[in-house]
Amino acid sequence: MSIKNTEIASAKDKALALLKNNQLSEARDLYANICEGQAGDDPEAWYMLGTVNGMLGLIDEAGNCFRKAIAIRPDFADAHRNLGNVYSQQNRPNEALECYQKGLRLNPDDAGAYINLGNLLQNMGRIDDAAASFREALRLNPDFAIAYYNLGNLHMVQGNLDESRECYERALQLDPGSIEIRNNLGNVLKYLGWVDEALECYRQVLRLNPNHLGAFYNMGLALELRGQFDEALECYRQVLRLNPGHVPAIAGEASALARQGKFEAAYERLRPCLETGVEDSAAVAITLASFCRHVNQCKAAIAMMERLLGQDEHAIGRFDRINLHFSLGKLYDAAGEFKDAFDHYRRGNTLKASSFDCNEHIRYVDDLIDTYSSAFMDRAPRSSIASQRPVFIVGMPRSGSSLVEQILASHPQVYGAGELQDIGRMTMALPSLLTTDRPYPQCMSAMTQDLCDTLAQRYLDRLSKLDVGAARVTDKMPRNFLHLGLIALLFPGARIIHCIRNPLDTCLSCYFQNFGGGSNFADDLSNLGAYYLQYQRLMRHWGDTLGLPVMTIHYEEMVADQERMSRALVEFCGLEWDENCLRFFESKRAVATASYDQVRQPMYNKSVQRWRHYEAYLGPLKKALAID
């Protein structure tokens, strides 16, 4: 029934009220009547009818309405934008792009249109243009939470984790009730290794929505990183109680079982997926690859992953493609197919799109050496809290630190805490704690004994929460080699174990490891070599200035003479010898780092001189290391 001209204003008011009350069908009918009547040439009426159709999921009808509004009024910017949204939903990206651009030419101050444009450009693979669009939205509206959120998502896809975290945190300040922002912040914190903070994000999401599948699943992944495999299993099972067909949660269960050494149980958990054709899930394939050698399924895992990577590049997400390449590299390496192995590792690292700035890192090491000079270390304040509990295991990643920790943690008086983030987080907080604008390490000139005491006690309290009774607690965060100057001030009684391995083996193993945040130097062989040289340079400086007891452990010596080196380790830690340290591979402790499988095996030497299998590909690394 059409509406008379005299009744149009009243009908519009009534339709808008229905829309605000979420009575969409009634609002649609009324707007349709308005458009059929004497308001048939009213672009606003057609626009509103299109909007309601879109809200009802009637996409084609919505498009017709927006086109009608534009035909009546060609300069109707909002109609161009919403028609762009319709084309985007219909997977017509070029037409959507044209609409967004027309709308913005008509109304260049429309921040929301820049969000829509940015999303489209991201889906089209035009990442830089998408980022520019989101930034333009923020220029127009600095408090636009969704713009920060979308930019955070974009940084996450690009692997720029620190920038992603900053965007999500700002978005959450502006929209503290957003579940998805909080969940994604948890994800980026997890990738950065800030697992405690990630878990708190997921808990907050679950307080807001107790049935949020993503939060339960992501919490399971984070708990696996913490080595809390039983708790991770319960999270995955909660997902499956809510959604029994959730394949990633099934894969998560299998992963947690495998990390506990329950390989047959893990395979049985995956078997229904494999038998029903769900094997073309990256989560299933990657999980099977992680333990396939224990169940004689390596050929099947390789075939699955190659098939997945053979699909259109948009069918598999970037993170999954990276994991597939690294998993294939590992299996081909184990099979002695070194050319194929290196090719997959190279492709995985290329996809990670490293943002490592070698010159910036060199300047940071310069600053550390200048700050922690011998003169500064002679006069600097030190904590008055004496404790021999902390044992810091440092060095380049993949230099044998997990093996050293596993040997020590097999001693009844030692607790292996794994890779703690605490020291690195302290360095980030120091400028604020010292109320100075100077960044770390320059801000150390303002360091006080009171703050040394506070930070030292805070760290010791953290160790006590992990284990109350152990005489020694190991922190095997390798990157703490950067922070030995601060460690020397906070823990004058601490012991440092420095792990060293052949430079080529170390760097190659780093290149072959799909690290999380903080190790982007490992994505490129030239950067790896440059980073290694700075590590050597800094360790020489610490040797001249620290004043702490440091024991250097050569991986090759440990492999060649396990008992002698193990006894020396235990003695260095001030403990009586215990035979369990020789049977470290029998320990039931949870190991959450990349070496979890290796440390469950007796000592082997197959990783010594491993680089020779790949010598043909190591030219950039050798050049950076100045090795002929």
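Look up a bit, the structure's there.
The text that follows walks through the structure, step by step, so that each part is easy to find. (Residues numbered from 1 in each chain as written. Predicted model: local features only at pLDDT ≥ 70, side-chain atom pairs only at ≥ 80, totals over all residues. Heavy atoms only, no water.)

### Topic: the overall build of the chain
Of the regular secondary structure elements, the chain holds 31 helices and 5 strands. Along the three orthogonal principal directions, the C-alpha set of the chain runs to about 100 × 60 × 50 Å. When burial is assessed residue by residue, the chain has 53% of its 628 residues classed as buried. Within the chain, contacts between residues at least 6 apart in sequence are counted, and of these 66% link residues at least 24 apart. In the structure as shown, the chain presents an accessible area of about 27500 Å², 47% of it carried by carbon and sulfur atoms. (Helix = DSSP H or I, 4+ residues; strand = E, 2+ residues; numbered from the N terminus. Buried < 20%, exposed > 50% of the residue type's maximum accessible area, 1.4 Å probe, protein only. Contact = heavy atoms within 4.5 Å. Areas by Shrake-Rupley, 256 points an atom, 1.4 Å probe, with all protein chains shown as cover.)

### Focus: the packing of aromatic side chains
Scanning all chains against the criterion turns up 26 aromatic pairs. A ring pair is formed by Y47 and F76, whose centres lie 5.1 Å apart and whose planes are at 35°; its orientation type is tilted. One end of the pair, Y47, is in helix α3 (residues 43-55); the other, F76, is in the loop between α4 (59-72) and α5 (77-89), and 29 residues separate them in sequence. As far as the burial class goes, Y47 and F76 line up, both buried. On the numbers, 5.7 Å between centres and 40° between planes, the contact of F392 with F491 is tilted. Of this pair, F392 sits in strand β1 (residues 390-395) while F491 sits in the loop between α26 (484-490) and β4 (495-500); the two residues are 99 residues apart in sequence, bridging distant segments of the chain. For the pair formed by F392 and F491, the shared burial category is buried. Pairwise contacts between aromatic rings join F326, F338, F342, Y345, Y511, F512, Y614 and Y617 into one cluster. (Phe/Tyr/Trp six-rings, centres within 6.5 Å; stacked < 30°, edge-to-face > 60°.)

### Here we look at the sheet that holds β4
Within the open sheet, the 5 strands sit side by side as β2-β3-β1-β4-β5. Their pairing is parallel. Only two strands of the sheet have a single partner each, and these edge strands are β2 (414-416) and β5 (550-554). Pairwise comparison of adjacent strand axes, ignoring direction, gives a mean angle of 25° for this sheet. Lying over the sheet, helix α30 (residues 562-572) contacts β4 and β5, oriented at roughly 165° with respect to β5. (Pairing = 2+ DSSP bridges. Axes fitted to C-alpha atoms, helices over the stretch in contact; angles between N-to-C directions.)

### Considering the pairing of β5
Here β5 shows a buried face lined by M551 and I553 and an unburied face lined by V550, T552 and H554. Two elements, β4 and β5, share 5 bridges in a ladder whose sense is parallel. What sits directly across from I497, in β5, is M551.

### Things to note about α30
Restricting attention to buried positions, one finds in α30 the residues Q562, M565, S566, L569, V570 and F572. One side of α30 carries all its buried residues, which in axial view fall inside an arc of 160°. Downstream of α30 by one or two residues, G574 has phi in the positive range, about 75°. (Arc of directions from axis to C-beta.)

### Notes on the side chain of S410
With respect to the secondary-structure elements, S410 resides in the loop between α23 (401-409) and β2. Among the polar contacts listed, one links the side chain of S410 to the backbone oxygen of Q406, at a separation of 2.8 Å. (Polar contact = N/O pair within 3.5 Å; in protein donor to acceptor, adjacent residues only side chain to side chain.)

### What about the environment of K12?
Assignment of secondary structure puts K12 in helix α1 (residues 8-20). Distance from K12 to Y31, taken between C-alpha atoms, is 7.4 Å for residues 19 residues apart in sequence. With near-sequence residues (within four places) excluded, K12 lies in contact with Y31, I34 and D42.

### Focus on the packing of helix α9 (residues 145-158) against helix α10 (residues 161-174)
One can describe the packing of α9 onto α10 by two numbers: an axis separation of 8 Å at closest approach and a directional angle of 160°. Here α9 is positioned roughly antiparallel relative to α10, judged by the angle of their axes. Considering how the two elements wind past one another, α9 and α10 form a crossing that is left-handed. On the side of α9, the interface is formed by A145, Y148, Y149, L151, G152, N153, H155 and M156, while α10 contributes L161, E163, S164, C167, Y168, R170, A171 and L174. Taken together, the residues of the contact of α9 with α10 sort by class into 10 nonpolar, 4 polar and 2 charged. (Parallel < 35°, antiparallel > 145°, perpendicular 65-115°, else oblique. Left-handed = near helix turned anticlockwise from the far one by under 90°. Nonpolar A, V, L, I, M, F, W, Y, C, P; charged D, E, K, R; others polar.)

### Some words on unusual backbone geometry
Looking along the chain, the bond that leaves Y440 and enters P441 is cis, with omega of 10°. Its identity is not glycine, yet N91 carries a phi of approximately 60°, on the positive side. Summarising the element assignment, N91 is placed in the loop between α5 and α6 (93-106).

### Regarding the state of the cysteines
All told, the structure shown has 0 disulfides when counted by the stated rule. Here C358 is not cross-linked by a disulfide; its sulfur's nearest cysteine counterpart is in C507, at 12 Å. Left unpaired, C452 is separated from the closest cysteine sulfur, that of C443, by 11 Å. (Disulfide = S-S within 2.5 Å.)

### Some remarks on the nonpolar core
Counting residues in each nonpolar core, the largest one holds 186 residues, and the members touching the most others are Y372, L430, M447 and F491. The contacts of M447, once residues within four sequence positions are left out, are P381, L430, L434, C452, L455, L486 and L490. With 22 residues, the next largest nonpolar core counts I393, L403, I553 and F584 among its residues. (Core = buried A, V, L, I, M, F, W, Y, C linked by side-chain atoms within 4.5 Å.)

### Quick notes on the environment of D60
Residue position: D60 is located in helix α4. The sequence separation of D60 and A132 amounts to 72 residues, and the corresponding C-alpha distance is 30 Å.

### Digging into helix α27 (residues 503-511)
Along α27, 8 of the 9 residues are buried, which leaves the element largely enclosed by surrounding structure. Burial in α27 covers these residues: L504, D505, T506, C507, L508, S509, C510 and Y511. Those residues of α27 hidden inside the fold are in contact with α19 (318-334), α20 (338-351), α28 (525-545) and α31 (619-625).

### Re the pairing of β4
Moving residue by residue along a regular strand, the side chains alternate between the two faces of the sheet. Counted residue by residue, β4 has 5 buried out of 6 residues, so it is predominantly covered. Sheet topology note: the β1/β4 ladder contains 5 bridges and is parallel. Looking at β4, one finds that V391 is bridged to R495.

### Let's talk about the pattern of salt bridges
Scanning the model with the defined rule gives 32 salt bridges in all. Between E136 and R139 there is a salt bridge, with the nearest N and O atoms lying 2.6 Å from each other. Here E136 pairs with R139, and both are found in helix α8 (residues 127-140), just 3 residues apart, close to one helical turn. Where R271 meets E268, a salt bridge forms, and the shortest distance between an N and an O atom there is 2.8 Å. (Salt bridge = Lys/Arg side-chain N within 4 Å of Asp/Glu carboxyl O.)

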